[in-house]
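# Coordinate inspection notes
As a plain string of letters, each chain reads:
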Amino acid sequence: MHQDNSAVQKEHVHTDHKHKEHEGHGSGHGHHGHGGHEDMVEDFKKRFFISLILTLPVLAISPMIQHFLGVDWRFDNDMYVLFALSTIVFFYGGWPFLTGGIAELKDKNPGMMTLIALAITIAYSYSTFVVFGWDGNQLYWELATLVVIMLLGHWIEMRSIMGASNALEQLVKLMPNEAHRLNDDKQVEDVPLSEIRNKDWVLVKPGEKIPVDGVIVEGRSAIDESMLTGESIPVEKEDGDTVIGGSVNKEGSLVVEVEKTGEDSYLSQVITMVKEAQESKSRTQDLTNRAAKWLFYLALTAGFATLFAWLALGYSFDIAIERMVTVMVITCPHALGLAAPLVVAVSTSISAKQGLLIRNRADFEGARNLNAVVFDKTGTLTKGDFGVTDIIASNGYSKEQVLQLAAAIEQNSEHPIATGIVQSAKDRNLAIGKVADFESITGKGIQGQLEGTKINIVSPGYVKVENLPYDESVFNALSKEGKTVVFVLADNKLAGMIALADMVRDTAKQAVAALKEKGIHSIMLTGDNQKVANWVAAQLGIEEVYAEVLPDDKANQIKKIKDKGWRVAMTGDGVNDAPALATADLGIAIGAGTDVAMETADVVLVKSNPNDVVALIDLSKKTYRKMIQNLWWATGYNIFAIPLAAGILAPWGIIVSPAVGAVFMSLSTVIVAINAKLLKA
């Protein structure tokens, strides 16, 4: 066992989705899981295809479309057939919009659903009156195409959004289901975790997850708490030290006295924080819904203004109502329903190819306005693995020889430090010799025989006790950088020192520099100690560092940064990062991290590359710009179409028929579709 390898170890601080009938039309705000999400996607898909099949004969039978095409397919009672088909499309295909519109009006927040519901209700009601005796031109074809295109838009959008969040389930999975409880006779019995009570004693074997929060009463071991606390180095623990449920026992067997169970445990508190942070997420209305809200008011105003204007000019009620209907139907452009979904679909496809998994579209779109990106250290800016950073040779040994000696002995150990040393030797293509008589000596490190020479790998404490001479100034300098230092002895004489640290990702430095160019602040937030954090920050050019932050305080630190009026992204990979990811304006999970961090995040970086944070911000800006362009194309034609439909040119004998209005809308839809496809990474 490596004991007291550095001050680093000693300094460790112990420590509904109620989906309104498509409010915001499926924009996926917030992180809440909803079991019916997949069913909803399937429902829209089914409604779309059935409505599409029914719309084809509706178009073929409509006299206005026949006239437009220059054909005559009329037959006896064709209007009643048209009425029957359109009624099915209206009630079956339009049902989500009708109920959604009612829900929006109840909330006094009209949006896309209300606008669509208004248009199809007016088109259906007016057309039905015409079929059963009213003078005018029925608009069933308008109703059917509007329903089909809006269903298509919603289906595309919902498929593009990852709605379900299983973060809380993933957190619970970190805990084992059973524990090895010691009974009164100190016999081991496996019991469900739910039966464990305070003051019970449980046995934790090497390699197992610790099932409860408690205190060690027997044994010593290195505990890997990185996924829970962010501590990069496995922490040496012995009698009297506290352990956290969900952390991993790396080496020795432990007997732990239970202190906290159920809701009092650390992991349960993290679960509560994630839940609270998710529920407090703001539900931003997307641009399309805001545009739809104003178009709804515009449609009502323009429609009734048109009706009263024509009546005031002495025209019959039939003619005035037809003008009104034409205006109100034309105000709901088909393209508006596709403007955002098509861009989202293209953007999601591009991001997936780049290894960016977008889970929350609203927060992803907000990435364009970020002021700061907060990075967790372990596993995000660093690899989470030990690597050799310095070798100081002594007494005639070369650096390569010191590393070879250490690697030969360490290849028999499972300790993370050993793994780092052996890997460094392999990376340098050094031959690793075979060791005899390997043994681990408590309090003294490890030793073995290599070609007749006794080799020891020992801690700084052992060297001091044995009064072995070494370069204290170099050792102190390495320790100040937060590095772990081990000593290599050959026949009880110092061969050299090896310093190790959690290795910094090459891409992290590039990412920090690129963010700086964009005027975005990079901040480090870590549970690791100040020395380690400062060393990593110095290598990356990060000036603002918050170290030794307790896991349950990370979310509070994010809130403090947000209190400056900044929009903040948090990038992390551990359970301890989950509340902070949920609290930030944009939560970014490194893909190689825990499932819970990924499930809590708005975006997952599949390649675990910090550079992808920069790519994410760039894509967010391009997506937003393309969406704005599409909204202008989708709504801008109203500037011309509404006055024409209202009959502004009637004094000159020019009255725009609904058919010409349909051409305007078709053009707008085609332009929006082509423009969305032009989005590039």
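Within an unreviewed UniProt entry, the label attached to the protein chain reads P-type Cu(+) transporter, and the organism entered is Planococcus maritimus. According to its UniProt record, the protein chain has this under Subcellular location (unreviewed entry): "Cell membrane". A UniProt comment under Catalytic activity (unreviewed entry) is attached to the protein chain, and it reads "Cu(+)(in) + ATP + H2O = Cu(+)(out) + ADP + phosphate + H(+)".

## As for helix 21 (residues 530-540)
When helix 21 is considered as a whole, its buried residues turn out to be Val532, Ala533, Trp535, Val536, Ala537 and Leu540. Remark: Gly541 follows helix 21 within two positions and exhibits a positive phi of approximately 80 degrees.

## Some thoughts on the sheet that holds strand 20 (residues 568-572)
Through backbone hydrogen bonds, the strands of a sheet pair up, either in parallel or in antiparallel fashion. Taken in spatial order, the seven strands make up an open sheet running 10-22-21-20-11-18-19, and their pairing is mixed. Since the sheet does not close on itself, it has two edges, and those belong to strand 10 (356-358) and strand 19 (544-546), each with one partner. Ignoring strand direction, the axes of neighbouring strands in this sheet form an average angle of 20 degrees. Bridging between strand 21 (residues 586-590) and strand 22 (residues 603-605) involves three bridges; their strand directions are parallel. Of the residues in strand 22, the one forming a bridge with Ile590 is Leu605. In the packing of helix 21 onto the sheet, contacts are made with strand 18 (521-525) and strand 19, and the angle to strand 19 comes to roughly 155 degrees. The strands that helix 25 (residues 611-636) touches are strand 10, strand 11 (372-376), strand 20, strand 21 and strand 22; relative to strand 10, the one it contacts most, it runs at about 50 degrees.

## Some words on unusual backbone geometry
Non-glycine residue Asn77 carries a positive phi angle of around 60 degrees. Residue placement: Asn77 occurs in the loop between helix 3 (63-69) and helix 4 (78-93).

## Structural notes on the sheet that holds strand 3 (residues 201-204)
Overall, antiparallel pairing links the six strands, which are arranged 2-1-3-9-4-7 in an open sheet. Edge positions in the open sheet fall to strand 2 (188-192) and strand 7 (242-243), since each of these has one partner strand only. In this sheet, strand 3 lies alongside strand 1 (residues 178-182) in antiparallel orientation, the contact comprising three bridges. Looking across to strand 3, one finds that Arg181 is bridged to Val202.

## Some details on the UniProt feature "transmembrane region" (unreviewed entry) in the protein chain
Listed under "transmembrane region" (unreviewed entry) in the UniProt record, and renumbered for this structure, are residues 48-69, 81-103, 115-133, 139-156, 294-313, 325-352, 631-654 and 660-679. Helix makes up 96% of residues 81-103 and strand 0%. Its end C-alpha atoms lie 32 Å apart. For the annotated span residues 294-313, helix accounts for 95% and strand for 0% of the residues, and the straight-line distance between the end C-alpha atoms is 28 Å.

## Examining the nonpolar core
Ile120, Leu143, Leu336, Met524, Leu540, Ile542 and Leu586 are the most contacted members of the largest nonpolar core, which has 104 residues in total. In terms of residue count, the dominant contributor to this core is helix 6 (residues 112-131) (14 residues). Not counting residues up to four positions away in its chain, the partners in contact with Ile120 are Phe90, Gly94, Leu98, Leu143, Leu146 and Val147. Val402, Ala408, Ile417 and Leu450 belong to the second-largest nonpolar core, a separate cluster that totals 25 residues.

## Here we look at helix 12 (residues 317-330)
For helix 12, which comprises 14 residues, the first-to-last C-alpha distance of 20 Å matches the rise-based estimate of 20 Å (1.5 Å per residue) to within 8%. With eleven of 14 residues buried, helix 12 is to be regarded as a mostly interior element.

## Overview of the packing of aromatic side chains
This structure, assessed with the given rule, holds 20 aromatic pairs. Among the aromatic residues, those joined into a cluster by ring pairs are Tyr80, Phe83, Phe90, Phe91, Tyr124, Phe132 and Tyr140. Against the face of Tyr624 rests Arg368, its NZ or CZ located 3.3 Å from the ring centre. The ring of Trp566 carries the charged tip of Lys564 above its face, separated from the ring centre by 4.5 Å.

## Details of the pattern of salt bridges
One pass over the structure, following the stated rule, counts 15 salt bridges. The shortest N-O distance in the salt bridge between Asp200 and Arg181 comes to 3.7 Å. Taken together, the residues span a long stretch of sequence, with Asp200 in the loop between strand 2 and strand 3 and Arg181 in strand 1 at a distance of 19 residues. Residue Asp200 shares its accessibility class with Arg181, and that shared class is buried. Put simply, Lys199 and Glu257 hold a salt bridge, and the shortest N to O gap is 3.8 Å. Of this pair, Lys199 sits in the loop between strand 2 and strand 3 while Glu257 sits in strand 9 (residues 254-260); the two residues are 58 residues apart in sequence, bridging distant segments of the chain. Residue classification places Glu257 among the partly exposed residues on the basis of a relative accessible area of 21%. Look at the salt bridges and you will find they share partners, linking Arg181, Glu189 and Asp200 into a network.

## Focus: the side chain of Ser620
Structurally, Ser620 is set in helix 25. Engagement of the side chain of Ser620 in a polar contact is seen with the backbone oxygen of Glu365, the distance being 3.1 Å. Setting aside residues up to four positions removed in sequence, Ser620 forms contacts with Phe364, Glu365, Gly366, Ala367 and Arg368.

## With respect to the environment of Ile350
Take Ile350: it is sitting in helix 13 (residues 334-353). With 269 residues separating them in the primary sequence, Ile350 and Leu619 have C-alpha atoms 8.7 Å apart.

## Examining the packing of helix 20 (residues 506-517) against helix 25
In contact at an axis separation of 7 Å, helix 20 and helix 25 are set at 35 degrees when each is read in the N-to-C sense. Within the contact between the two elements, helix 20 uses Thr507, Gln510, Ala511, Ala514 and Leu515 and helix 25 uses Asn611, Val614 and Ile617. A breakdown of the residues in the contact of helix 20 with helix 25 according to their chemical character gives five nonpolar, three polar and no charged.

## Description of the packing of helix 25 against helix 26 (residues 638-646)
How two helices pack is summed up by the angle between their axes together with the distance between the axes. Packing of helix 25 against helix 26 leaves a shortest axis separation of 7 Å and a crossing angle of 10 degrees. Classified by the angle their axes make, helix 25 and helix 26 are roughly parallel. For the pair helix 25 and helix 26, the contacting residues are Ala634, Thr635 and Gly636 in the first and Asn638, Ile639 and Phe640 in the second. For the contact of helix 25 with helix 26, the residue count by class is three nonpolar, three polar and no charged.

## Some points on the confidence of the model for the protein chain
Per-residue confidence for the protein chain gives a mean pLDDT of 79, with 83% of residues at or over 70. Looking across the protein chain, the model is least confident in helix 1 (residues 7-10), with a mean pLDDT of 29, and most confident in helix 4, with 95. Scored below 50 in pLDDT, residues 1-35 shows 119 contacts in the model against residues more than four places distant or in partner chains. pLDDT under 50 marks residues 280-285. Its contacts with residues more than four places away, or in other chains, come to 14 contacts.

Rules of the game
Residues numbered from 1 in each chain as written. Predicted model: local features only at pLDDT ≥ 70, side-chain atom pairs only at ≥ 80, totals over all residues. Heavy atoms only, no water. UniProt positions renumbered as here; feature names shortened; annotations may be inferred. Buried < 20%, exposed > 50% of the residue type's maximum accessible area, 1.4 Å probe, protein only. Helix = DSSP H or I, 4+ residues; strand = E, 2+ residues; numbered from the N terminus. Pairing = 2+ DSSP bridges. Axes fitted to C-alpha atoms, helices over the stretch in contact; angles between N-to-C directions. Contact = heavy atoms within 4.5 Å. Core = buried A, V, L, I, M, F, W, Y, C linked by side-chain atoms within 4.5 Å. Expected span 1.5 Å × (residues − 1). Phe/Tyr/Trp six-rings, centres within 6.5 Å; stacked < 30°, edge-to-face > 60°. Lys NZ or Arg CZ within 6 Å of the ring centre and 35° of its normal. Salt bridge = Lys/Arg side-chain N within 4 Å of Asp/Glu carboxyl O. Polar contact = N/O pair within 3.5 Å; in protein donor to acceptor, adjacent residues only side chain to side chain. Nonpolar A, V, L, I, M, F, W, Y, C, P; charged D, E, K, R; others polar. Parallel < 35°, antiparallel > 145°, perpendicular 65-115°, else oblique. pLDDT = per-residue confidence, 0-100.

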